[in-house]
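Report on the structure
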Amino acid sequence: MQWKGKNKSYGTGAPIGSDGKQKLPTLSIANTPEAAISTYMATKASEVPGSGIAKEDIPNLALALEAFQRDLLFDLQTDPEWAQSMIHDAKFDKKYHGQQWIVVRSDGSSANPVPSDDNRQGQQSIPLNPVQTQALTQLNADQTALNELGWTITTQQLELYALAMKKEYLLYNRSTIDPSNLTLLTEKVDNSTKAISSALTLNQDQQTTLQSTIKTSADNLRADLGDQYSLKAVDLDPVASPSDPVVLISGGELDTKLLPPELNGESQLLPTRFTGQAITAINVTYTPVQQEPIAISWKDLLGKITLANWNAFPKEVQGLWLEVLLLDTSNAQLIASIYFEKAGKTPQGNQLTELTAKIQSQQTSCWADFEVRPPTEALTAACGFEGLLPDPVGVAYRPDKNPWTPIFMDWKIKWFPSSSEEADALKDWELGELDYLWKGSGLKSPSPEIVFEGRSVLNQKTTQNIQTKFTTFKNDPNYQHLPQNTIENLQWVADNISYMDLVTQSMAGFTLQLTTVKNAMKNQPLDPGIRDLLTGNSYYDPVTGSTDIQDAGPFSPIRSGHFQVLDIWLVDSYGQILPGKSNLLGPDDPIENIIWSSDMTTSSPSYSGKDANRFGQLPPRISQDAVMIPRFLQRDNDKIFTNSSDSTSPICGWVMANYLDDALMVFDAEGRSQGEVIKVRREVTGDDNTLTIRWDAAPGTNTALGAGPNLPNTHLQNFIDTLLATGTSSSGAQAYTELMNAIDSTLWLNNPLKVGDNLSILLGKPLAIVRGEVELILSGKPAYNQGWFQTGEYYDDQGIYRPLEPPFMSVKFNVRIGDSLMKKNGVMGYFVNDDYTKFYKVYGSSGQTQELQQLLKMGGATLSLRQVKSALSKLSNPSSGYVIIDHLVALAANKGPVKLTLIMDPTGDLPIIPGSLPGSSISLPNGPVTAAIENLSATFRTGPLLLNPDQIRMPTPAEVRGDWAWVARKDVTEWQPDMTVTEQTSQATLSPQPLSLMEGWLSLSNFNKKNQ
């Protein structure tokens, strides 16, 4: 700084505008730093004249920019639903959830990869024996219990710490509290402490026992597995809680000297100096006095000033302080005076002023030479100094105003919860494609108003990393495959973002305050018994409210609603403030002109308010850590989760469409044919309502004619029995037809016909009948209102730990099972909780292929492209009541799982989309899938044909791999041995044997083996 003398005002160091007044920074608010920067840059790009970017284009451009930052830009073009789900998942803070145990081959390979067109593989599985399977199952059951116990202990420790802080508050402030309230609250706190402490002690003892049991079990199983297999512990999907809103501030003029070195220049090396390399003298040349320079050293200055006592400081500090005396422009006049003294001259006229200005120029001009290269001793000497100048990243000249080094962002917001009742937190919200959408009609401020405020430490590294990434976008290997307008927009951002003064920071602690706790410096509890039960350092102070008010304060265990930003301040290390709000607005007025990201923009088809741009929107989220888990279950035992052992496979059986016979073939879990559900006519004449369905046993089996199915798996049996029962209704085969259309239209999205693949004209893809479940789980115990009079409300019974569920635990969150718009989706649909009367079609598959199939049967070779497009574009919702569309599974936290029986493409995944939490997906075990698919065979009703009974010769479909055989009955009770079909030649021949009219089945096997 330039010293101006005594009694001079330097004003604030905060940024000022061209009019001399403080300028307001531009604010952009989103769920993540990447989204905040992307929204800001997209908005700025739209303001460039001639950019061609309209206001309505900003959300799509911002999405593309965010996808680029997350290396998802190419995926956004090829699989947009999946890419956007990954972007959605980034809106959550994730934590370690726990582990599970898996067995892999010692070389890490899988013996049986899943046959798939895109080489996608499922979960590795191993053919363990029954003893090993039981041991692995029990090991994972114990590990699951340990995972849950760990989170229970963590949340109980948080509650115990809050109780300790309450106890100490009552102790220190007892003189100011109403005596009756003091007695009541002390009793509540003491009883709750006793209850939690006893439960926590038991849990910690149990944790130690479980850890020992798991170690012993794991060691025993490793020994049993030998060298062929390895036992490993792998991390589960993390638990998640909502991220706090992120604020982007543009125009804050942040100090960059504390950034990593590579962000201040091209080199990743930070130039440093050692003891003795500081500036020790300045060489002053003033030709009106003499031609030779005169060195003014720190020793010369010491005779003119009074030094502090340096005994308590390292010697380097003294050297740096003396260096500052030589470099500080405020000392230029003193240095000029010493120059004249050493020259033995008295300054004449304005010579002192002239030399002072020259020295000030010398003290500052040399920094321009170091913009692209660090200082060296030679360059320092050329600038007229002795020693080594510091790197310019550590120097800032502010001759006309105070220093400005922002380190904090203070924030203040007003909260508008969706409901004042915990159990109604999802009021006016519906699950959309990826997240909840607001359907409300108004925003009403609660009474009393709910205001939160907090402070966050600024972190420039995140913003700088993002800025750096944009400048390298052309290095992306998929760059050339992007649309031209996307490339142009990325180029504009890359050209401009590095020059912009940006920083992002979250409103840290906001979500915590919703649950009546806040970040604070940890205090060690006074009670040694409590200290012994606490581990770690992540504890929060309770927000208790007044000891005189019994009503609970604001408590939002489900974050759902809207907010207004009442103020934002940048606070620097000297206590100076840059406000983010105009002084023309009142203290309760929200900041205007905030740039909201698209997912925070307040929008509802029922809301007509003109002040929507004053509100940020926050969809429903559980405020504490939670996870939505999909699982596969052993096909014949819902109590066992599928693991690495083939014996715990979730595959109950298989089905496959037979397009020629209009039938659904059914197979057991190993791929052995059991029969088929086939569409037949109920009457000779009439429309489609005269059709029905029946069960035909597999050719070659000794099942009595007309007998119903007798399948080896309960879930497969119930599915087929219920489907057959629909054929006896007045609608006939309508339910069956709608089921086949639902499956076919879903497969059509991600499995289009390929040239030369005639098998797909005869048969559908093999689909697995899979047992699974989905569950919503809180990590540990639920959050409790920390209000004084609510202490222990849901777990304390006179000092005994008896936990109850708070009201918010009854709130049901929706989750979508599967999404046909994702390329990796394998879900065709599902049944819920063993109710096989309703098949819930997977989301996103709105087309239908029934009409196209009918056209193909009537004359496929003559179909035009226009007819095909017309058939596929016709939408018809199911009307039988069997197939249901747009279904969502509703789950309340910790209320147990919802059981599912799914129809799945084995090459795809089971994805879930909860909206309120990150999505997740799991894949089928590859061992059981591979073995079953290789066993599958298909049969086609054929006849009457004129054949030689001793040698079956007939034409077979071209471009269909596999082995053809003839299957026929010998009589009513016996079957002939299967006969290989000989390919018919184009040359006409006369058979020496009499030909017979024959009926039977053509059997096709080995069509899924790759070596065929």
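So, a few notes on the structure that sits alongside this text. (Residues numbered from 1 in each chain as written. Predicted model: local features only at pLDDT ≥ 70, side-chain atom pairs only at ≥ 80, totals over all residues. Heavy atoms only, no water.)

1. Overview of the overall build of the chain
On a plain count of helices and strands, the chain comes out with 21 helices and 43 strands. Partitioning the intrachain contacts of the chain with sequence separation of at least 6 by distance along the chain shows that 77% fall at a separation of at least 24. Of the accessible surface of the chain, which amounts to about 48100 Å², a share of 50% is contributed by carbon and sulfur atoms. (Helix = DSSP H or I, 4+ residues; strand = E, 2+ residues; numbered from the N terminus. Contact = heavy atoms within 4.5 Å. Areas by Shrake-Rupley, 256 points an atom, 1.4 Å probe, with all protein chains shown as cover.)

2. Things to note about the sheet that holds strand E14 (residues 502–506)
Here we have 4 strands laid out as an open sheet, ordered E14-E6-E1-E19, and mixed in their pairing. A single partner strand is all that each edge strand has here, and the edge strands are E14 and strand E19 (595–596). Pairing between strand E1 (residues 26–30) and E19: 2 bridges, direction parallel. Considered in E19, the bridge of Ser-28 is made with Ile-595. (Pairing = 2+ DSSP bridges.)

3. Remarks on the packing of aromatic side chains
Under the defined criterion, the tally for this structure stands at 21 aromatic pairs. Aromatic pair Phe-719 and Phe-831: ring centres 5.3 Å apart, planes at 50°, arrangement tilted. Separated by 112 residues along the polypeptide, Phe-719 in helix H16 (residues 714–726) and Phe-831 in strand E31 (residues 827–832) bring together distant segments of the chain. As far as burial versus exposure is concerned, Phe-719 and Phe-831 are alike and both buried. (Phe/Tyr/Trp six-rings, centres within 6.5 Å; stacked < 30°, edge-to-face > 60°. Buried < 20%, exposed > 50% of the residue type's maximum accessible area, 1.4 Å probe, protein only.)

4. A look at the pairing of strand E36 (residues 909–913)
With respect to burial, E36 is a largely interior element, 5 of its 5 residues being buried. Where E36 meets strand E37 (residues 920–923), 4 bridges bridge the pair, whose relative direction is antiparallel. Looking at E37, one finds that Ile-912 is bridged to Ser-920. Counting the residues that bridge the hairpin from E36 to E37 gives 6 residues, and of these Gly-915 lies at a positive phi of roughly 75°.

5. Focus: the sheet that holds strand E30 (residues 812–817)
Note on sheets: strands pair through backbone hydrogen bonds, and any given pair is parallel or antiparallel. Pairing in this open sheet of 4 strands is antiparallel, and the strands run E34-E30-E36-E37 from one edge to the other. Strand pairing shows two members of the sheet lacking a second neighbour, strand E34 (889–892) and E37, which therefore form its edges. The mean inter-strand angle of the sheet, taken between neighbouring strand axes irrespective of direction, is 30°. In terms of strand pairing, E30 meets E36 through 2 bridges, oriented antiparallel. Its bridge partner being in E36, Ile-817 is matched across the sheet by Ile-912. (Axes fitted to C-alpha atoms, helices over the stretch in contact; angles between N-to-C directions.)

6. Section: the pattern of salt bridges
One pass over the structure, following the stated rule, counts 30 salt bridges. Note that Arg-941 is salt-bridged to Asp-696, the shortest N-O span being 2.2 Å. Within this pair, whereas Arg-941 is found in strand E38 (residues 937–947), its partner Asp-696 is found in strand E26 (residues 691–697), the two being separated by 245 residues in sequence. Overall, the relative accessible area of 36% leaves Arg-941 in the partly exposed class. (Salt bridge = Lys/Arg side-chain N within 4 Å of Asp/Glu carboxyl O.)

7. Some details on the pairing of strand E35 (residues 898–904)
The buried count for E35 comes to 7 of 7 residues, which makes it a mostly enclosed element. Every second residue of E35 is oriented toward a common face, with Val-898, Leu-900, Leu-902 and Met-904 on one face and Lys-899, Thr-901 and Ile-903 on the other, all of them buried. Strand direction decides the pairing type here: strand E27 (residues 767–778) and E35, joined by 7 bridges, are antiparallel. Directly across from Val-774, in E35, lies its bridge partner Val-898. Pairing of E31 with E35 involves 5 bridges; the strand directions are antiparallel. By the bridge assignment, Val-827 is partnered in E35 with Met-904.

8. Describing helix H21 (residues 926–935)
Counting buried positions along H21 gives 7 out of 10 residues, so the element sits mostly inside the fold. Within H21 the residues assigned to the buried category are Asn-926, Gly-927, Pro-928, Val-929, Thr-930, Ala-932 and Ile-933. Residues of H21 that are buried in the fold lie against strand E23 (651–658).

9. Topic: the nonpolar core
By size, the foremost hydrophobic cluster in this structure holds 69 residues, and its most contacted members are Trp-654, Val-774, Ile-817, Leu-902 and Trp-966. Examining the composition of this core, we find that 5 residues originate from one element, E27, more than from any other. Formed by 35 residues, the second largest nonpolar core is a distinct cluster that contains Ala-30, Ala-67, Ile-87 and Ile-497. (Core = buried A, V, L, I, M, F, W, Y, C linked by side-chain atoms within 4.5 Å.)

10. Observations regarding the packing of helix H5 (residues 130–172) against helix H6 (residues 179–225)
In contact at an axis separation of 7 Å, H5 and H6 are set at 155° when each is read in the N-to-C sense. The orientation of H5 with respect to H6, classified from their angle, is roughly antiparallel. For the element pair H5 and H6, the recorded crossing hand is left-handed. Looking at the contact of H5 with H6 residue by residue, the classes come out as 22 nonpolar, 17 polar and 6 charged. (Parallel < 35°, antiparallel > 145°, perpendicular 65-115°, else oblique. Left-handed = near helix turned anticlockwise from the far one by under 90°. Nonpolar A, V, L, I, M, F, W, Y, C, P; charged D, E, K, R; others polar.)

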